[in-house]
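Listed below are the residues making up each chain.
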Amino acid sequence: MACRRMTEPAPQRLFIKTYGCQMNVHDSERMADLLAPLGYCLTEDAAEADLAVLNTCHIREKAAEKVYSELGRLRRLKEDRAAAGGRMLIAVAGCVAQAEGEEIQRRQSAVDLVLGPQAYHRLPELIARAHRAGGRIVSAAFEAEAKFDALPRARGVSGVTAFVTVQEGCDRFCTFCVVPYTRGAEFSRPADLIETEVRGLVDQGVREITLLGQNVNAWSGAGEEGLAGLIRRLARIPGLARIRYTTSHPADMTDDLIAAHGEVEALMPYLHLPVQAGSNAILRAMNRAHTAETYLATLERLRAVRPDIALSGDFIVGFPGETEADFEATLSLVREVGYASAYSFKYSRRPGTPAAALPRQVPEEVKSERLQRLQALLSAQQNAFNLAQVGRVLPVLVEKVGRRGGQMIGRSPYLQAVHFQAEPDQAGQILAVEILEAHANSLAGRRAPPA
Ligand code: 5AD
Ligand code: SF4
């Protein structure tokens, strides 16, 4: 993003490193937007940063530990800056901040500021306080109020796709998951505000929006029939061609939302619907509020109204007590569904979650071996799904210039990246593309003659 204040006073350099989910990516952009009017310009070089923000993820131990190693690197850069007479503030934002609070400074004393996801709108004030604190930590990790709508929304959008946060937090309390603790209770933004934001984005050239929420299909608004009502309302906005939403819980796939997939042309035939595991005993221990059978029944109903719907999911292997037979139930569910893409993880024991205290934790080598088997199956399915597009003509929303000359990159309705020859001024158009080649993570094609 361009720096809005290029003259006096000298621009401040802002380095942001983002970990974890799409919500964090979005939050990082909003933090940059909030600081831009104060003269902060983004830099990719942490060494020149006046303010370095790590927007962190606590969902698995590995993600949280990466933050501490990055903090070690930033501390050395901060010391170099101080030796040269300069000053760098280090801020930890996101879910590690929320979960670990001032504990972070005990592990890494170079941290000046710790702020949880609910405190981002106070960032300018907190930076000022950190400057005055003379190295003592400023902490706003446990704010209770929602950050929504205190943050700027009329932002400079450059692309043709945009994320719009409609819901935050989660009340589902899956026993492995920190999100209900780090992101708090479910909160839905009012439909009017969402519609105004989307209209503004469309005015700036956005053609596709993805509605974001930790449990997005639990969205509810006064006078709306839930997420399906919101989608129908947004689909009426002239110029908005495509709508997606993520991430959904299987137990919140209402009849109305399923029906919307059959009716609303703009709603894309791709759904990320995590199942986590295929064994009912494990799903019960996870407190998932669905079984393998109810999950499959939901997919059947979706496919009845939208036969070409492509599915994606999240999986956890090695949840406490998972036997070989339980794991095989996951493999067999995956075979039955046929996923277009998927994310799979080894169970990571998160302090404070109920599953962390369960007996029969699964040994690391068993988790690794199961993950390998699951990932082999899932990537074979992804390859098969991509290959099945060869020879088809797909409507591709042109997004941006590709790496090779004359090449543009767009997205298929199924969220696949598609490379083909087109002009840069065709960004934002939906073009018919004949798919010629399939790769692991993308497709290649050529413009098809108009039908
Ligand atoms: N261990 C491993 N994976 C987890 N996820 C959430 N918590 C854990 C954990 N403790 C995964 C789930 C979720 C995705 C975002 O991260 O699959 O859907
Ligand atoms: Fe975590 Fe998703 Fe379960 Fe909520 S529904 S507790 S975010 S895994």
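Our structure's up above, just so we're on the same page.
None of these values were measured; they are calculated from a predicted model. (Residues numbered from 1 in each chain as written. Chains lettered and ligands numbered in written order. Predicted model: local features only at pLDDT ≥ 70, side-chain atom pairs only at ≥ 80, totals over all residues. Heavy atoms only, no water.)

A. Local environment of the site of ligand 1. Around ligand 1, the structure places Ile59, Arg60, Phe176, Gln276, Asp314, Ile316, Phe345, Lys346, Tyr347, Ser348 and Arg350. Between ligand 1 and Arg60, the relevant distance is 2.8 Å, taken from an oxygen atom to a side-chain nitrogen or oxygen of the residue. One nitrogen or oxygen atom from the main chain of Phe176 is found 2.9 Å from a nitrogen atom belonging to ligand 1. Elements with a contribution of two residues or more to the shell around ligand 1: strand E13 (310-317) and strand E14 (341-346). (Near = heavy atom within 4 Å. Polar contact = N/O pair within 3.5 Å; in protein donor to acceptor, adjacent residues only side chain to side chain. Helix = DSSP H or I, 4+ residues; strand = E, 2+ residues; numbered from the N terminus.)

B. Looking closely at the state of the cysteines. Here the structure, examined in full by the defined rule, presents zero disulfides. Here Cys21 is not disulfide-linked; the sulfur of Cys57 is the nearest cysteine sulfur, at 6.4 Å. (Disulfide = S-S within 2.5 Å.)

C. Region of interest: helix H13 (residues 364-387). Across its 24 residues, H13 extends 34 Å between first and last C-alpha, which sits within 8% of the 34 Å expected from 1.5 Å per residue. Buried residues in H13 make contact with E13, helix H12 (324-337), E14, strand E18 (430-438) and strand E19 (442-447). (Expected span 1.5 Å × (residues − 1). Contact = heavy atoms within 4.5 Å.)

D. Broad picture of the sheet that holds E19. If you walk around this closed barrel you meet the five strands as E15-E16-E17-E19-E18, and the pairing is mixed. Recorded for the sheet is a direction-independent mean angle of 55 degrees between the axes of neighbouring strands. In terms of strand pairing, E18 meets E19 through five bridges, oriented antiparallel. What sits directly across from Glu434, in E19, is Arg446. (Pairing = 2+ DSSP bridges. Axes fitted to C-alpha atoms, helices over the stretch in contact; angles between N-to-C directions.)

E. Layout of the site of ligand 2. Neighbouring ligand 2 are Cys170, Arg172, Phe173, Cys174, Phe176, Cys177, Val179, Pro180, His249 and Arg288. Looking at the shell around ligand 2 residue by residue, the classes come out as seven nonpolar, one polar and two charged. (Nonpolar A, V, L, I, M, F, W, Y, C, P; charged D, E, K, R; others polar.)

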